[in-house]
Amino acid sequence: MVQTQESPVKIMSAGQNEKTKEMLQQLKVVTVIGSGTMGNGICHVFAQHGFEVHMMDIKQEALDKAVSTISKNMDRQVAKSSLSEEAKKEALSRITTYTDMAAAVKDADVVVEAATENIDLKIKIFQELDRLCPEHTILATNTSSISITRIGSYTKRPGKVIGMHFMNPVPVMRLVEIINGYATDNAVTQLIHDLSAYLGKVPCVVADYPGFISNRILMPLINEAILALQEGVAGVEEIDTIMKLGMAHPMGPLQLADFIGLDTCYSIMHVLHMGFGNQKYAPATLLANMVQAGYLGVKSGEGFYKYTVGSKDLVVSERFDTKKWK
Ligand SMILES: NC(=O)c1ccc[n+]([C@@H]2O[C@H](COP(=O)([O-])OP(=O)(O)OC[C@H]3O[C@@H](n4cnc5c(N)ncnc54)[C@H](O)[C@@H]3O)[C@@H](O)[C@H]2O)c1
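Not measured: the values here are computed from a predicted model. (Residues numbered from 1 in each chain as written. Predicted model: local features only at pLDDT ≥ 70, side-chain atom pairs only at ≥ 80, totals over all residues.)

Colleague: I'd like a rundown of the nonpolar core, residues and numbers included.
Modeller: If you look at the biggest cluster of nonpolar residues, it comprises 57 residues, and the most contacted ones within it are Val-32, Ile-42, Cys-43, Val-111 and Ile-162. No other element matches the 6 residues that helix α2 (residues 37-48) contributes to this core. When sequence neighbours within four positions are dropped, the list of residues in contact with Cys-43 reads Val-32, Val-53, Met-55, Ala-66, Ile-70 and Ile-95. (Core = buried A, V, L, I, M, F, W, Y, C linked by C-beta atoms within 7 Å. Buried ≥ 20, exposed ≤ 12 C-beta atoms within 10 Å, placed from the backbone. Helix = DSSP H or I, 4+ residues; strand = E, 2+ residues; numbered from the N terminus. Contact = placed C-beta atoms within 7 Å.)

Written as structure tokens, this is what we have:
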């Protein structure tokens, strides 16, 4: 770390060694690449915790939308008295937007990449980051499924490449799944662990295997629910109700799939299927059909449920409404 200005990080957890404490205190600038669903939430949390945040996207309108989303989400915190109006203003003033990557990362201590989930795009971004960032910069990715080891192998600093997997919505969800690439340095893992804790999150460190832990377990559950629906074992409402009331899940697996996006679910199942070479991870045919037909869940307006703008009612899609045959 080369920054001399004091970092906002003051609170230390008991587990930190002296070297990590020193490193944490020197973190000042965090650059977030991609300002979509996850990127804006990640910027929100870092800015709220005192960091200077550089938010970068290729689209100016995505940046404008992100700033407005962060402001609205902070308003909710103000309404609940979990943030003061003054703290909101200060946090927003710490966020600067960029469309030029070189300017966004030139003094970054940590970069969190949250661009579109596409392996070729991520490799290109990491090669650029490696070229443009100072030597000390840690390069983290928020990928849901792409191998950290593979991304790191395209840089000259694989020891400083790590997975920092926030959950959606970022300001609300407490987990950060930290993924160690095969070559990630232990000191970098410790630092990202402590940084996550400083952000008020609960960090869990896992190894770099397809789907890590979160999606290796969640996606087969969702895929199994889709297979059961495909086989006519039960309807959408029955499957989701059984998992909600019987297993105390806050949301049924089919509703959750709609929320995540069926295209994303399909692409993660594909990563598991290819990565493990095991038929048990084959995406359900119904899932593949729905994705190909453009029924992607909340973002397209219809998946297992039908969504109407402005309505919070959970309405099963007519395609799965078995009652129509009665
Ligand atoms: N959505 C989720 O629930 C969720 C949860 C956890 C992790 N993730 C992961 O987070 C990452 C982002 O997902 P998202 O849902 O926010 O996607 P999104 O589509 O909402 O946003 C992606 C953003 O990246 C920008 N982008 C594309 N190419 C870029 C480039 N070269 N440089 C800078 N910005 C670029 C796009 O303009 C867009 O604004 C993905 O890797 C995804 O797998 C998503």
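Colleague: Quick one: what's the story with the domain arrangement of the protein chain, residue by residue and with numbers?
Modeller: Domains assigned within the protein chain are domain 1 (18-207) and domain 2 (214-317). For domain 1 versus domain 2, the distance between C-alpha centres works out to 28 Å. Listed per partner, the contact involves 5 residues of domain 1 and 6 residues of domain 2. A per-class count over the side of domain 1 that touches domain 2 returns no nonpolar, 3 polar and 2 charged. (Domains from an automatic or database assignment. Nonpolar A, V, L, I, M, F, W, Y, C, P; charged D, E, K, R; others polar.)

Colleague: So what's going on with the site of the ligand? Which residues, and what values?
Modeller: Around the ligand, a shell composed of 23 residues is seen, among which Gly-34, Gly-36, Met-38, Ser-144 and Asn-168 lie nearest. Elements that contribute at least two residues to the shell around the ligand include exactly α2 and α6 (119-132). Counting residues per element, the shell around the ligand draws most heavily on α2, at 3 residues. A class-by-class count of the residues in the shell around the ligand yields 10 nonpolar, 10 polar and 3 charged. (Near = placed C-beta within 6 Å.)

Colleague: Account for the pairing of strand β1 (residues 29-33), naming residues and giving values.
Modeller: Among the 5 residues of β1, 5 are classified as buried, and the element is accordingly described as predominantly covered. Along β1, one buried face is formed by Val-29, Thr-31 and Ile-33 and the opposite face, lined by Val-30 and Val-32, is buried too. For β1 and strand β2 (residues 52-56), the ladder comprises 5 bridges, and the chain directions are parallel. Within β2, the position partnered with Ile-33 by the bridge is Met-56. Crossover handedness for the path β1 to α2 to β2: right-handed. By the bridge criterion, 4 bridges tie β1 to strand β4 (residues 110-113) in an arrangement that is parallel. What sits directly across from Val-30, in β4, is Val-110. (Pairing = 2+ DSSP bridges. Right-handed = clockwise from strand over helix to strand, strands pointing away.)

Colleague: How would you sum up unusual backbone geometry? Please name residues and give values.
Modeller: For the peptide bond that leads from Asn-168 to Pro-169, omega is -5°, which places it in the cis range. Relative to the assigned elements, Pro-169 resides in the loop between β6 (161-166) and β7 (175-180). Positive phi, normally seen in glycine, also occurs at Ser-81, with a value near 60°. With respect to the helices and strands, the residue Ser-81 is situated in the loop between α3 (60-79) and α4 (85-93). Its 7 C-beta neighbours within 10 Å are what place Ser-81 among the exposed residues. For Ala-248, which is not glycine, the phi torsion reads 60° and is therefore positive. Residue placement: Ala-248 occurs in the loop between α10 (236-247) and α11 (253-260).

Colleague: An account of the packing of helix α9 (residues 214-230) against helix α12 (residues 262-276) is needed here, citing residue identities and associated values.
Modeller: One way to put it is that α9 packs onto α12 with a least axis distance of 10 Å and a crossing angle of 115°. Crossing of α9 over α12 shows left-handed handedness. Packed against α9, whose contacting residues are Asn-215, Arg-216, Met-219, Ile-222 and Asn-223, the element α12 presents Cys-265, Ile-268, Met-269 and Leu-272 at the interface. (Axes fitted to C-alpha atoms, helices over the stretch in contact; angles between N-to-C directions. Left-handed = near helix turned anticlockwise from the far one by under 90°.)

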